[in-house]
Amino acid sequence: MAGAPLHKILTVVWAAGGASAAARERTQAAAQLAADMKAEFAVLALGLGTGTVAPALAVAGANEILVSEEEALQVAPGEAGLRAIERACELTGADLVLLPADSLGRDWAPRLAYRLGAGLVTEVTDWSLAAGRPIFERLVFGGKAIATMVVAEGRAVAATRPGAGRRDAPPPSGRGEVRALGLPIPLDPLWPRVVRRQSEEREGPGLDEARVIVSGGRGLGGPEGFARLGDLAAALGGALGASRAAVDEGWAPATWQIGQTGKTVAPELYIAVGISGASQHLVGCSKAKTIVAINSDPDAPIFDYARFGVVGDWRVIVPALTAAVKEMRDR
Ligand SMILES: Cc1cc2nc3c(=O)[nH]c(=O)nc-3n(C[C@H](O)[C@H](O)[C@H](O)COP(=O)(O)OP(=O)(O)OC[C@H]3O[C@@H](n4cnc5c(N)ncnc54)[C@H](O)[C@@H]3O)c2cc1C
C-alpha cells in the first residue's frame, strides 16, 4: 500500500569552484520532480567556492540553496559531506533526498538512509510518480532489464545516475535563496582523508561534462583509430570514450571506459564507432539524448538502440563525417 505523499526534496550537488553542467542538470531534474510532486525543493551545494553557484542553480530551478564551504569537505569529503547532508535534512525537513550515484554518493547513500531510517534505492536511471511518491527505475542484469522500485512508506533516499529524470522542458527558474548551512565540521583524525589528487590529462571537456561523446570499440582495430575519432570529437567540441574491449586491448585509458564497469554518461549526442552494443556497454550510455552508431555489421545490436545508424567501415565514414562537420562549422 502506498504511503503518504512526500513533500520536501533535497538534492545534493558537489559544486566546488562552480556549478558544473552535471550539478545544473541534477538540480534541474530534481526541480522538475518537485514541481510534479508539488513539493518544496532545496539544494545542498558542497565544497569550497560554492557561494558563487547560486545564480546558476537558481536558473536550474533551485528555490533554496544551502551552502557548506567547510575545509573538512576538501580533506575528508566522505565523512564531512555526510554530516553536512544530515544537517541539511534536519534544517529542511526533507523527506526525499537525491544523491549523485558517483563514488561519494554511493558512500553516502546507504549511511544516510540508515541514519534517517529511510528507504533506499540506488543506481536510479529514471522516475515517474504515483500518488505523490516517486517510482524509481534502475537497470538490472547488466542493463538487460529495468526494475521499478518504490519506497512505500516514510522518507526515501535515492542515488541517481547522470541523466536520471531528464525531461525536454526545463522547470521554471527557482527563487535561489542562499542560506549557509551553519555547521562547523571539525576534522576528526580518524576520518579517511584525501592524500593526493590527480587529474586526468585530457584536451577538451571531460566525459561527465561533454555534450558530445565519440566512443570507439574493438571495431577500430587498433589505437590509431582513436586518433581519427579524436579529430571528430575535436570538431564537435566533444570528448572521447571507449568500450571495455578497446580498453582491455590497451588502445584507450581505463578512464575512458563507458558502461557497467566504467562511467555512466548522459551527453546530448553519443557516437558509437565500431561498438557492437553489448548490454554492459549500453548501460553506461543509454541516457544519451541521441545515439548514433557507425558499424560495418547491419545486424549489430547497437542499431536497435541508435536513433541514427550508418552501416559501413568507420575508416571511410569517420573522416567524411569529420570533414563535413568542419565545413559546416567554418561556414
Ligand atoms: C561483468 C561485465 C562487465 C562489463 N562491463 C563493460 C563496460 O563497462 N563497458 C563495455 O563496453 N563493456 C563491458 N563489458 C564487455 C561487453 O560485454 C562487451 O564484450 C564489450 O562491450 C564489447 O566491446 P566492443 O563492442 O568494442 O567489441 P565487439 O563486441 O567485438 O564489437 C566490435 C564491433 O565493431 C564492428 N566493426 C568491426 N570492424 C569495423 C569497421 N571497420 N567499421 C565499423 N565497425 C566495425 C563489428 O561489427 C562489431 O559490432 C562487460 C562484460 C562483463 C561480463
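Predicted model, so just to flag it, every value in this text is computed and none were measured.

Caption draft 1: Broad picture of the sheet that holds strand 4 (residues 96-100). Pairing is mixed across the open sheet formed by nine strands, whose spatial order is 7-6-5-8-4-1-2-3-9. Two strands lie at the open edges of the sheet, namely strand 7 (145-149) and strand 9 (177-180), each paired on one side alone. On average, each strand axis in the sheet is inclined to that of its neighbour by 35 degrees, with strand direction left out of account. Sheet strands touched by helix 1 (residues 21-37): strand 1 (8-14), strand 2 (40-46), strand 4, strand 5 (119-130), strand 6 (133-140) and strand 8 (156-160). Its angle to strand 1, the strand with the most contacts, is close to 175 degrees. Lying over the sheet, helix 5 (residues 103-116) contacts strand 1, strand 2, strand 4, strand 5 and strand 8, oriented at roughly 160 degrees with respect to strand 4.

Caption draft 2: A look at the nonpolar core. Core analysis: the biggest nonpolar cluster contains 32 residues, and Ile 9, Phe 41, Ala 45, Leu 57, Leu 96, Leu 98 and Trp 127 have the highest contact counts within it. Elements with a contribution of two residues or more to this core: strand 1, helix 1, strand 2, helix 2 (54-59), strand 3 (64-68), strand 4, strand 5 and strand 8. Broken down by element, this core gets its largest block of residues, seven residues, from helix 1. Beyond its immediate sequence surroundings of up to four residues, Ile 9 is in contact with Ala 30, Leu 33, Ala 34, Met 37, Ala 39, Glu 40, Phe 41, Ala 42, Leu 96 and Leu 98. In this structure, Leu 46, Leu 73, Ala 76 and Ala 88 belong to the second largest nonpolar core, which totals 30 residues.

Caption draft 3: Spotlight on the site of the ligand. Around the ligand, the structure places 25 residues, and the nearest of them are Arg 218, Ser 243, Thr 261, Ser 276 and Asn 295. Measuring from a nitrogen atom of the ligand, one finds a backbone N or O atom of Ser 296 at 3.2 Å. Considering the ligand on its own, with 980 Å² of exposed area, one finds that the protein chains cover 74% of that surface. Mapped by element, the contributors of at least two residues to the shell around the ligand are helix 7 (244-248), helix 8 (279-282) and helix 10 (314-330). Residues belonging to the shell around the ligand are distributed by class as follows: five nonpolar, 15 polar and five charged.

Conventions used here
- Residues numbered from 1 in each chain as written.
- Predicted model: local features only at pLDDT ≥ 70, side-chain atom pairs only at ≥ 80, totals over all residues.
- Heavy atoms only, no water.
- Pairing = 2+ DSSP bridges.
- Helix = DSSP H or I, 4+ residues; strand = E, 2+ residues; numbered from the N terminus.
- Axes fitted to C-alpha atoms, helices over the stretch in contact; angles between N-to-C directions.
- Contact = heavy atoms within 4.5 Å.
- Core = buried A, V, L, I, M, F, W, Y, C linked by side-chain atoms within 4.5 Å.
- Buried < 20%, exposed > 50% of the residue type's maximum accessible area, 1.4 Å probe, protein only.
- Near = heavy atom within 4 Å.
- Polar contact = N/O pair within 3.5 Å; in protein donor to acceptor, adjacent residues only side chain to side chain.
- Areas by Shrake-Rupley, 256 points an atom, 1.4 Å probe, with all protein chains shown as cover.
- Nonpolar A, V, L, I, M, F, W, Y, C, P; charged D, E, K, R; others polar.

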